[in-house]
Amino acid sequence: MITEVTWFILGNGIFLEDNEIEILPYLKIRKVNKLSIFELAGLGAKGFQQWSLLEPFCYLTNNFEIISSENKSTYGYDILNRAWLLNTLLVLRKKTTTNSIALLNHSWNNIKDAKEVKANLCDYHINMLQISSFNNLNMEKSDICWLKEHFEIANTLAFKYEKFRYSLEVLNSWRYCVDIKSAIAIIWAAIESIVDVSSEITYRLSLSISSLLYERGEKRIEKFKDIKKLYGLRSKVVHGSNLKDNDIENALVGSFNLLSELVTYMIENNQIIAEKDFESAIFK
């Protein structure tokens, strides 16, 4: 028999129009009212030793909590990893400032009366890469509908396939790199892992991805050219060429968008991309 357990993961980085959004019966997002430093200190007195690290979030207005409960199925990610997956899918939807900060066995809206406290830090990072192109912090209806429809598909793919999990991990972790150049490098490591080519990389990678994502015609040709150009920028960045800051940031934006397209393709088609898929897209 499975014990009913619920964790509340404090997050930051998006604005919710509704007070609570149900993604699935066991997975919800809820607004968090202004945190009190005194109430956080109360959690410290009850055993949460890292409580002081959360003080900066007391002064922000875009806090939320992911409410993740145990469900009857034991298949896929467990309750905490499902919260991580939801956070990562929000990043996939271009909410790149979304961050899961700390977990608690009580709602962050009611920490004053919390008893038998169990708490810990999650993906807590002092610095995060900020990209001006990714500044849509609003949770749109289209985002909610997409998450409801595709969350369990992503959960299943992540459970079954290491390559897909790696892509998700990169989608989430590039933001914590020390600089943009490092972020570009790990994003392209994930892209190359998906395509899995070892020779004539620029041509074959550009041809494979453009053929997979677009039907024959002008859009495929343009995508082919864009990816070739993007890979060229990636190579210059990684190998230390002297580029303008704007060019480096554009390379990051393009690289993230390309990885997002590939991950979204896998989720929406409920399949991992294999070599035969690229071959079929190119030759059929």
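Values in this document were obtained by computation on a predicted structure and should not be read as measured data.

Draft legend 1. Spotlight on the overall build of the protein chain. In terms of helices and strands, the protein chain carries nine helices and six strands. Computed over C-alpha atoms, the radius of gyration of the protein chain comes to 20 Å, within 12% of the 19 Å expected from 2.2 N^0.38 for 284 residues, which places it in the range of a compact globule. Once the C-alpha set of the protein chain is aligned to its principal axes, its extents read approximately 60 × 45 × 30 Å. Across the 284 residues that make up the protein chain, the buried fraction comes to 48%. A sequence separation of at least 24 residues applies to 74% of the contacts in the protein chain between residues at least 6 apart. Summing over all exposed atoms, the protein chain offers an accessible surface of approximately 14500 Å²; the carbon and sulfur share of this is 49%.

Draft legend 2. How the structure looks around the environment of I273. Following the sequence through the fold, I273 ends up in the loop between α8 (245-269) and α9 (275-283). For I273, a relative accessible area of 2% corresponds to the buried category. Put simply, I273 and K163 are 110 residues apart on the chain and 9.6 Å apart in space, counted from C-alpha to C-alpha. When near neighbours in sequence (up to four residues on either side) are disregarded, I273 contacts I194, L212, L262, Y265, M266 and F278.

Draft legend 3. Just the pairing of strand β3 (residues 27-31), in detail. Two elements, strand β2 (residues 20-24) and β3, share four bridges in a ladder whose sense is antiparallel. Across the sheet, the residue bridging to E20 is R30, located in β3. Hairpin connection between β2 and β3: a loop of two residues separates the two successive antiparallel strands. Relative to strand β4 (residues 63-69), β3 runs antiparallel, the two being bridged by five bridges. Bridged to R30 within β4 is E65.

Draft legend 4. Spatial organisation of the sheet that holds β2. Strand order in the open sheet made by the six strands is β2-β3-β4-β1-β5-β6, with antiparallel pairing throughout. Only two strands of the sheet have a single neighbouring strand rather than two, namely β2 and β6 (119-121). Each strand axis lies, on average, 25 degrees off the axis of its neighbour in the sheet, ignoring direction. Here seven bridges tie strand β1 (residues 6-12) to β4, and the two strands are oriented antiparallel to one another. In the strand pairing of β4, T6 is matched with S69.

Draft legend 5. Fine view of the nonpolar core. Core analysis: the largest hydrophobic core is formed by 74 residues, its most contacted members being W174 and I191. Residue contributions to this core peak at twelve residues, all from α8. Leave out the neighbours within four places in its chain, and W174 touches V91, T96, L129, I131, F134, A183, I186, I187, L252 and F256. If you look at the next biggest cluster of nonpolar residues, it comprises 18 residues, including V32, C58, I111 and V117.

Draft legend 6. Spotlight on the side chain of S69. Along the chain, S69 falls in strand β4. Taking the relative accessible area as the measure of exposure, S69 reaches 12% and is therefore buried. For S69, the side chain forms a polar contact with the side chain of T6, separated by 2.8 Å.

Draft legend 7. Expanded view of unusual backbone geometry. In this model, E116 sits at a positive phi of 50 degrees, which is unusual for a non-glycine residue. By the element assignment, E116 lies in the loop between β5 (99-104) and β6. Residue E116 is classed as exposed on the basis of its relative accessible area of 74%.

Draft legend 8. Structural view of the side chain of E65. Among the secondary structure elements, E65 is positioned in strand β4. Given the relative accessible area of 0%, E65 is considered buried. Within polar-contact distance, the side chain of E65 engages the side chain of S107 at 2.8 Å. Within the structure, E65 has its side chain in polar contact with the backbone nitrogen of W108 (distance 2.8 Å). In contact with E65, not counting residues within four places along its chain, are F8, I9, L10, G11, K28, I29, R30, V32, S107, W108 and N109.

What counts as what
Residues numbered from 1 in each chain as written. Predicted model: local features only at pLDDT ≥ 70, side-chain atom pairs only at ≥ 80, totals over all residues. Heavy atoms only, no water. Helix = DSSP H or I, 4+ residues; strand = E, 2+ residues; numbered from the N terminus. Rg over C-alpha atoms; globule rule 2.2 N^0.38 Å. Buried < 20%, exposed > 50% of the residue type's maximum accessible area, 1.4 Å probe, protein only. Contact = heavy atoms within 4.5 Å. Areas by Shrake-Rupley, 256 points an atom, 1.4 Å probe, with all protein chains shown as cover. Pairing = 2+ DSSP bridges. Axes fitted to C-alpha atoms, helices over the stretch in contact; angles between N-to-C directions. Core = buried A, V, L, I, M, F, W, Y, C linked by side-chain atoms within 4.5 Å. Polar contact = N/O pair within 3.5 Å; in protein donor to acceptor, adjacent residues only side chain to side chain.

Just distances and angles here, no functional claims.
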